[in-house]
Amino acid sequence: MQLESEPGVLWSEEPSWQDARHAAKIERIARQLRHRTRTRPVSFKKKTPPHQVPKRSDQRRNDEKIDLSDLDQILEIDPVARTCTVEPAVTFDEVVRATLRYGLVPIIVPEHKTITLGGSVAGCSIESMSFRYGGFHDTCLEYELITARGDVLHCSPDQHPLIFQMIHGSFGTLGVLSKLRFRLVPASPYVHVRNETYETLEAFQQAIWRHFSSEGADYLDGQIFSPTKHVLCVGRFVERAPYVSRYDWLKAYCESIPRLSEDYLRTYDYLFRYDRGVTHVFPRSPVGRALFGKLVHSDSVLRAADRFHRFLPKKNPSVIVDLFVPFSRTAEFMDWYHREMHFYPVWCVPYRRMWDYEWLTPRWWAGVNDPLFLDLAIYGLKQQSDRNLYKEFEDELLQVNGTKTLISYNYYDEQTFWSIWNKDSYQAVKQLTDPNNIFRDLYTKTCRAALGLPTQTAAAGASLH
Ligand SMILES: Cc1cc2nc3c(=O)[nH]c(=O)nc-3n(C[C@H](O)[C@H](O)[C@H](O)COP(=O)(O)OP(=O)(O)OC[C@H]3O[C@@H](n4cnc5c(N)ncnc54)[C@H](O)[C@@H]3O)c2cc1C
């Protein structure tokens, strides 16, 4: 018997039908890759907008495209094993709605509803359970990958282990992720949030360390509002709530943080509490909210930015960036930040060092003694014409042995880039999954093509040899 409960959710007692449908989609993509004749680089398109910082001159728009739109099925939810198997273009909104029916949720749920599972593995993914579990990719058990030659690989910690590890943060340059299985955790119907306010960064970090070292909290994130105001949002699952707050129209969750000492949200609403904005929500005026509040959210803004990219700024785009700073170097970094940037609020997500990821260099890991990082996220810092703040952030991160996600503007030169990102591991996988470099390499895609700059080496494909 086949059940279809919600759009995009199919689980069948006859896996053959499901597998056949999935296999047909894979064969379509593999055939496109095997028989392609064009020489333009290859990248992906899907129904949902890319959740990368939109860039005016992004060359990827002119690529040959592989359409992932129909890889949008939830293939299986196993409430006993607490796992879920999906195709990559499924969104977190769809998965959370489906798994909550079983009292389960994904461990890491990035805050924008239309971020896809595949994009969060190939790109980046953090949220308020990261202090326990790292990134979404750290909760994944296996991947199905289509290589540039149209071969289909099954990857896990035991099968093709290096490929399995390197897919994360590869930004679509190591193959097409076509299926993934990941872990789920039990969830109560509500989340009780306590907002703990600290005057000093030191006290704020001590509180983070307390929660990191103990079992009590389910969720942990915070915001830095000034050098003397730090709020830590400690979330715990609860079965009952005396009231629940909604932040999908006139009110915005991020604006409640400095005002409320506690709050109760439905678990679904908690997971997407920042869908309209992490630190700033527009429109700000009550009239503007009343009229457009329900229409303006991450999906609509990113869709418009992608569509009307010709109107994006040519120079000095506002800064949207996620920075990873070793826990013990935070004070040093924030001293610099208060002095040089002084833009608030800064979103703060503690991130557990799960192990020394293969996609970063051993030399970089040797500079980190901490079991914990702080992800510091800045959304909307305006740039003056005489400074490149993205570059200043990159330079300061080198001072504190930090790194950043590659979703925004990246100005690393190639040597510095590969002193952080592990070229040896990357190349070893690239040779297997894309030896002719049809997907571009990681540096070229995220630091050159994204900014509309030419590939640095003479011929595409040469840079890795
Ligand atoms: C304003 C803003 C706020 C953000 N906030 C957060 C946050 O709080 N937490 C967080 O975790 N992330 C955040 N992100 C980052 C976002 O989650 C990542 O950029 C994520 O990778 C986007 O996923 P996506 O599904 O939109 O995929 P895209 O943006 O479409 O893809 C991301 C990369 O993955 C590649 N890719 C996509 N699908 C596949 C596939 N099936 N196989 C191989 N490669 C693939 C693409 O080529 C691309 O290089 C934010 C981004 C923006 C712009």
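Everything below is about the structure shown above.
This structure is a prediction, so every number in the text was calculated from the model and none was measured.

(A) Quick look at the overall build of the chain. Within the chain, the secondary structure is distributed over 16 helices and 18 strands. A compact globule built from 465 residues would reach a C-alpha radius of gyration of about 23 Å, and the chain, at 22 Å, matches this within 12%. Overall size of the chain, expressed as C-alpha extent along the three principal axes, is 60 × 60 × 45 Å. Looking at the chain residue by residue over its 465 residues, the buried ones come to 57%. Taking contacts inside the chain between residues at least 6 apart in sequence as the whole, the part at least 24 apart equals 72%. When the accessible surface of the chain is totalled, it reaches about 19,600 Å², and 53% of it is carbon and sulfur. The averaged location of the 57 negative side-chain charges in the chain is 6 Å from the averaged location of its 58 positive side-chain charges.

(B) Main features of the site of the ligand. Around the ligand sit 31 residues, and of these Lys-46, Glu-111, Thr-116, Gly-119 and Ile-126 come closest. One of the backbone nitrogen or oxygen atoms of Gly-119 is found 2.7 Å away from an oxygen atom of the ligand. At 3.4 Å from an oxygen atom of the ligand is found a side-chain nitrogen or oxygen belonging to Lys-445. Residue assignment for the shell around the ligand shows that the elements contributing at least two residues are helix H3 (117-122) and strand S10 (176-186). If you tally residues by element for the shell around the ligand, the top one is H3, at four residues.

(C) Highlighting the pattern of salt bridges. What the rule picks out here adds up to 28 salt bridges. Members of the salt-bridge network, linked through shared partners, are Arg-246, Asp-248, Arg-266, Asp-269 and Lys-294.

(D) Region of the structure containing the sheet that holds strand S12 (residues 219-226). Here eight strands make up an open sheet; going across it, the order is S14-S11-S13-S12-S16-S17-S15-S18 and the pairing antiparallel. Strand pairing shows two members of the sheet lacking a second neighbour, strand S14 (262-266) and strand S18 (403-404), which therefore form its edges. The sheet contact formed by strand S15 (residues 319-326) and strand S17 (residues 372-381) spans eight bridges and is antiparallel. Within the sheet, the bridge partner assigned to Phe-324 lies in S17 and is Asp-375. Across the sheet, helix H6 (residues 201-213) lies against strand S11 (190-198), S12, strand S13 (229-238), strand S16 (346-352) and S17, angled at about 20° from S13, the strand it touches most.

(E) Main features of the pairing of S16. The element S16 is largely enclosed, with a buried count of six among its seven residues. Two elements, S12 and S16, share three bridges in a ladder whose sense is antiparallel. What sits directly across from Gly-222, in S16, is Cys-348. Pairing of S16 with S17 involves six bridges; the strand directions are antiparallel. What sits directly across from Pro-350, in S17, is Leu-374.

(F) The arrangement of the packing of helix H11 (residues 330-340) against helix H13 (residues 389-399) in detail. The geometry of H11 relative to H13 is characterised by a closest axis approach of 10 Å and an angle of 150° between their N-to-C directions. Classed by the angle they form, the pair H11 and H13 counts as roughly antiparallel. Along this stretch, H11 crosses H13, giving a crossing that reads as right-handed. In contact with Glu-332, Phe-333, Trp-336 and Tyr-337 of H11, H13 contributes Glu-392, Phe-393, Glu-396, Leu-397 and Gln-399. Its residues placed into classes, the contact of H11 with H13 shows five nonpolar, one polar and three charged.

(G) Geometry of the state of the cysteines. Applying the stated criterion across every chain yields a total of zero disulfides. Free of any disulfide, Cys-233 has its nearest cysteine sulfur in Cys-348, 9.8 Å distant. According to the relative accessible area criterion, Cys-233 is buried, its value standing at 1%.

(H) Spatial organisation of a nonpolar patch on the surface. Together, Val-287, Leu-291, Phe-292 and Leu-295 make up an exposed nonpolar region whose accessible area comes to about 430 Å². Following the sequence through the fold, Phe-292 ends up in helix H9 (residues 286-292). The exposure class of Phe-292 is partly exposed, given its relative accessible area of 43%.

(I) Spotlight on the environment of Arg-259. Within the secondary structure layout, Arg-259 lies in the loop between helix H7 (253-256) and S14. Here the alpha-carbon distance between Arg-259 and Asn-195, two residues 64 residues apart in the chain, equals 9.0 Å. Among the polar contacts listed, one links the side chain of Arg-259 to the backbone oxygen of Glu-255, at a separation of 3.3 Å.

(J) Geometry of the environment of Lys-404. The residue Lys-404 is located in strand S18 in this model. With relative accessibility at 4%, the residue Lys-404 sits in the buried group. C-alpha separation for the pair Lys-404 and Phe-324, spaced 80 residues apart in sequence, amounts to 5.5 Å. Setting aside residues no more than four positions away along its own chain, Lys-404 makes contact with Val-321, Asp-322, Leu-323, Phe-324, Tyr-390, Glu-394, Leu-397, Tyr-409, Asn-410, Tyr-412 and Trp-421. Of the polar contacts made by the side chain of Lys-404, one reaches the side chain of Glu-394; its length is 2.8 Å. There is a polar contact of 3.0 Å between the side chain of Lys-404 and the side chain of Asn-410.

Criteria and cut-off values
Residues numbered from 1 in each chain as written. Predicted model: local features only at pLDDT ≥ 70, side-chain atom pairs only at ≥ 80, totals over all residues. Heavy atoms only, no water. Helix = DSSP H or I, 4+ residues; strand = E, 2+ residues; numbered from the N terminus. Rg over C-alpha atoms; globule rule 2.2 N^0.38 Å. Buried < 20%, exposed > 50% of the residue type's maximum accessible area, 1.4 Å probe, protein only. Contact = heavy atoms within 4.5 Å. Areas by Shrake-Rupley, 256 points an atom, 1.4 Å probe, with all protein chains shown as cover. Lys, Arg positive; Asp, Glu negative; His and termini not counted. Charge placed at Lys NZ, Arg CZ, Asp CG, Glu CD. Near = heavy atom within 4 Å. Polar contact = N/O pair within 3.5 Å; in protein donor to acceptor, adjacent residues only side chain to side chain. Salt bridge = Lys/Arg side-chain N within 4 Å of Asp/Glu carboxyl O. Pairing = 2+ DSSP bridges. Axes fitted to C-alpha atoms, helices over the stretch in contact; angles between N-to-C directions. Parallel < 35°, antiparallel > 145°, perpendicular 65-115°, else oblique. Left-handed = near helix turned anticlockwise from the far one by under 90°. Nonpolar A, V, L, I, M, F, W, Y, C, P; charged D, E, K, R; others polar. Disulfide = S-S within 2.5 Å. Patch = residues over 30% accessible without salt bridge, like charges linked within 9 Å, V, L, I, M, F, W, Y side chains within 5 Å.

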